[in-house]
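# Examining the three-dimensional arrangement
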Amino acid sequence: MTMKHRNIRPRAALGRDEWIQAAIDKLAEQGVNGMRVEVLAKTFGVTKGSFYWHFKDRNDLVEAVLQAWRDGRIQDIEKQTIATPGAEEQQLLHLIEIYSATRNRKGMSIELAVREWARRDAQAAAIVAEVDTWRLEATRKLFVALGSSEEVAKSRSLLLYAYVFGQSLMACENYDPRIAEFKRWIAELIVRQRQEQPGAAT
């Protein structure tokens with residue numbers, strides 16, 4: 001009995017952040033239902049008592065997961081959209097490349113899981129809306145710095161993310177051997193092409 005307690009105690013010292021990260025991983029793999037306390041405890045090989053050392057209840061964990069995802073996304077957005085004056089175009093192209101890369105599949109899995117969650121949960125929906133606003137505003141500022149008007153900058157910012165998220169859902173690698181070339185061309189079209197004001201006569 002004593003040995004059993006000895007084996008559990010170090011595990012029970014798991015930090016709050018470890019529980020949150022485990023919950024995010026389960027969210028990506030199994031959706032919201034994967035964030036059950038018993039599932040997470042089993043993952044760590046500990047009792048549920050270890051969980052309640054850090055959280056009041058599952059809702060407390062849910063709020064922490066959403067906050068962690070929000071803070072992580074905003075931190076990444078700020079990192080990926082900082083550009084020295086004159087380098088805004090290169091930064092936008094880099095942003096599209098980073099978010100389109102296959103190495104970002106885990107991040108995209110988490111993103112999609114949170115968005116699916118947001119379809120049925122008002123709290124998650126509010127967090128997603130906040131993050132999307134940060135995204136759009138950050139790239140809008142870069143487009144404005146390139147000389148776009150507010151309306152055009154907002155339109156191009158929306159187009160950029162519609163492309164990034166849309167193409168990430170498609171299995172288009174076998175569509176054409178030049179797919180990588182197509183993606184580069186599309187990125188340059190979004191970032192560099194001069195565009196008319198929305199609603200302007202052609």
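Residues numbered from 1 in each chain as written. Predicted model: local features only at pLDDT ≥ 70, side-chain atom pairs only at ≥ 80, totals over all residues. Heavy atoms only, no water.

## Focus: the overall build of the protein
A tally of helices and strands in the protein yields 10 helices and 0 strands. By the burial criterion, 38% of the 202 residues in the protein qualify as buried. For the protein, the proportion of contacts with a sequence separation of at least 24, taken over those separated by at least 6, is 64%. In the form shown here, the protein has an accessible surface area of approximately 12,400 Å², with 53% of it arising from carbon and sulfur atoms. (Helix = DSSP H or I, 4+ residues; strand = E, 2+ residues; numbered from the N terminus. Buried < 20%, exposed > 50% of the residue type's maximum accessible area, 1.4 Å probe, protein only. Contact = heavy atoms within 4.5 Å. Areas by Shrake-Rupley, 256 points an atom, 1.4 Å probe, with all protein chains shown as cover.)

## Section: the nonpolar core
Judged by nonpolar contacts, the single largest core of 50 residues is most densely connected at Trp19, Leu61, Val65, Trp117 and Leu160. Every element with two or more residues in this core is listed here: helix H2 (16-30), helix H3 (37-44), helix H5 (58-80), helix H6 (88-100), helix H7 (105-118), helix H8 (122-145), helix H9 (150-168) and helix H10 (179-192). Discounting residues that sit within four places of it in the chain, Trp19 has contacts with Leu14, Leu40, Ala41, Phe44, Val46, Ser50, Phe51, His54, Phe55 and Leu61. (Core = buried A, V, L, I, M, F, W, Y, C linked by side-chain atoms within 4.5 Å.)

## Describing the packing of H5 against H8
The geometry of H5 relative to H8 is characterised by a closest axis approach of 10 Å and an angle of 5 degrees between their N-to-C directions. Classified by the angle between their axes, H5 and H8 sit roughly parallel to one another. In contact with Val62, Glu63, Leu66, Trp69, Arg70, Arg73, Ile74, Ile77 and Glu78 of H5, H8 contributes Gln123, Ala124, Ile127, Val128, Glu130, Val131, Trp134, Arg135 and Ala138. For the contact of H5 with H8, a count of residues per class yields 11 nonpolar, 1 polar and 6 charged. (Axes fitted to C-alpha atoms, helices over the stretch in contact; angles between N-to-C directions. Parallel < 35°, antiparallel > 145°, perpendicular 65-115°, else oblique. Nonpolar A, V, L, I, M, F, W, Y, C, P; charged D, E, K, R; others polar.)

## Digging into the packing of aromatic side chains
Under the defined criterion, the tally for this structure stands at 6 aromatic pairs. Measuring from ring centre to ring centre gives 5.0 Å for Trp19 and Phe44, while their planes differ by 75 degrees; the resulting arrangement is edge-to-face. Highlighted residues: Trp19 in helix H2 and Phe44 in helix H3, separated in sequence by 25 residues. For the pair shown, Trp19 and Phe44 are each scored as buried. Centre to centre, the rings of Tyr99 and Tyr161 are 6.5 Å apart; their planes meet at 40 degrees, and the pair counts as tilted. Taken together, the positions of Tyr99 in helix H6 and Tyr161 in helix H9 put the pair 62 residues apart, joining distant regions of the chain. Given a relative accessible area of 6%, Tyr161 falls into the buried group. Against the face of Phe165 rests Arg115, its NZ or CZ located 5.1 Å from the ring centre. (Phe/Tyr/Trp six-rings, centres within 6.5 Å; stacked < 30°, edge-to-face > 60°. Lys NZ or Arg CZ within 6 Å of the ring centre and 35° of its normal.)

## Some thoughts on the environment of Glu97
By the secondary structure assignment, Glu97 is in helix H6. Glu97 gets classed as exposed once you look at its relative accessible area, which sits at 52%. Linking Glu97 and Arg184, residues 87 residues apart in sequence, is a C-alpha distance of 8.4 Å.

## A look at the confidence of the model for the protein
Within the protein, residue pLDDT values average 85, and 87% of them lie at 70 or more. Within the protein, the element-level pLDDT minimum falls on helix H1 (residues 2-12), averaging 40, and the maximum on H8, averaging 96. Note on residues 1-12: pLDDT under 50 across the span, and 7 contacts to partners over four residues away in sequence or across chains. (pLDDT = per-residue confidence, 0-100.)

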